[in-house]
Amino acid sequence: QVQLVESGGGLVQPGGSLRLSCAASGTIFSINAMGWYRQAPGKERELVARITSGDTTNYADSVKGRFTISRDNAWNRVYLQMNSLKPEDTAVYYCKADLLDYGLGPRAPFWGQGTQVTVSS
């Protein structure tokens, strides 16, 4: 089992920066990939950024060039550096962990509780 706790959210002005952190505990050695997702009021939850155990990264088109996902080598923490923030980035940001299935089939991912990011003047 994996527990995820996000932190670092808050209120920032447009053009500002925030660094989100996801602290992972439990059987973190079984993590194969982790991602940041966000959900704004009335919107579906969407992928923001993802990083694999091989350090391959993927980003939503809306955040490319502005956000950077990174991780500690042992998956203790995953980060999302957010620069040049826009009001459209306002959402609850969630951390998600995908686990190795060890040949037993797909496993349900683990989600954190979320952290609020508000970009406003």
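## Focus: the side chain of Glu6
Here comes step 1: Here Glu6 is to be found in strand 1 (residues 2-7).
Here comes step 2: Within the structure, Glu6 has its side chain in polar contact with the backbone nitrogen of Cys95 (distance 2.6 Å).
Here comes step 3: Within the local environment of Glu6, its side chain forms a polar contact with the backbone nitrogen of Gly114, the two atoms lying 2.9 Å apart.

## As for the pairing of strand 7 (residues 67-71)
Here comes step 1: In strand 7, alternate side chains face the same way, and those of Phe67, Ile69 and Arg71 are buried while those of Thr68 and Ser70 on the opposite face are not.
Here comes step 2: Where strand 7 lies against strand 8 (residues 77-82), five bridges are found, and the strand directions are antiparallel. From the neighbouring strand, Arg71 faces strand 8, where its bridge partner is Val78.

## Some points on the pairing of strand 5 (residues 46-52)
Here comes step 1: Two elements, strand 4 (residues 31-39) and strand 5, share six bridges in a ladder whose sense is antiparallel. Across the sheet, residue Tyr37 finds its bridge partner in strand 5, namely Leu47.
Here comes step 2: Between strand 4 and strand 5, which pair antiparallel in sequence order, lie six residues; one of them, Gly42, sits at a positive phi of approximately 75 degrees.
Here comes step 3: By the bridge criterion, three bridges tie strand 5 to strand 6 (residues 57-59) in an arrangement that is antiparallel.

## Some details on unusual backbone geometry
Here comes step 1: Backbone geometry at Asp55 places phi at a positive 70 degrees, although glycine is not the residue there.
Here comes step 2: Following the sequence through the fold, Asp55 ends up in the loop between strand 5 and strand 6.
Here comes step 3: Positive phi is not limited to glycine here, since Tyr102 has a value of about 50 degrees.
Here comes step 4: You can see Tyr102 is positioned in the loop between strand 9 (91-99) and strand 10 (110-111).
Here comes step 5: Overall, the relative accessible area of 53% leaves Tyr102 in the exposed class.

The rules we used
- Residues numbered from 1 in each chain as written.
- Predicted model: local features only at pLDDT ≥ 70, side-chain atom pairs only at ≥ 80, totals over all residues.
- Heavy atoms only, no water.
- Helix = DSSP H or I, 4+ residues; strand = E, 2+ residues; numbered from the N terminus.
- Polar contact = N/O pair within 3.5 Å; in protein donor to acceptor, adjacent residues only side chain to side chain.
- Buried < 20%, exposed > 50% of the residue type's maximum accessible area, 1.4 Å probe, protein only.
- Pairing = 2+ DSSP bridges.

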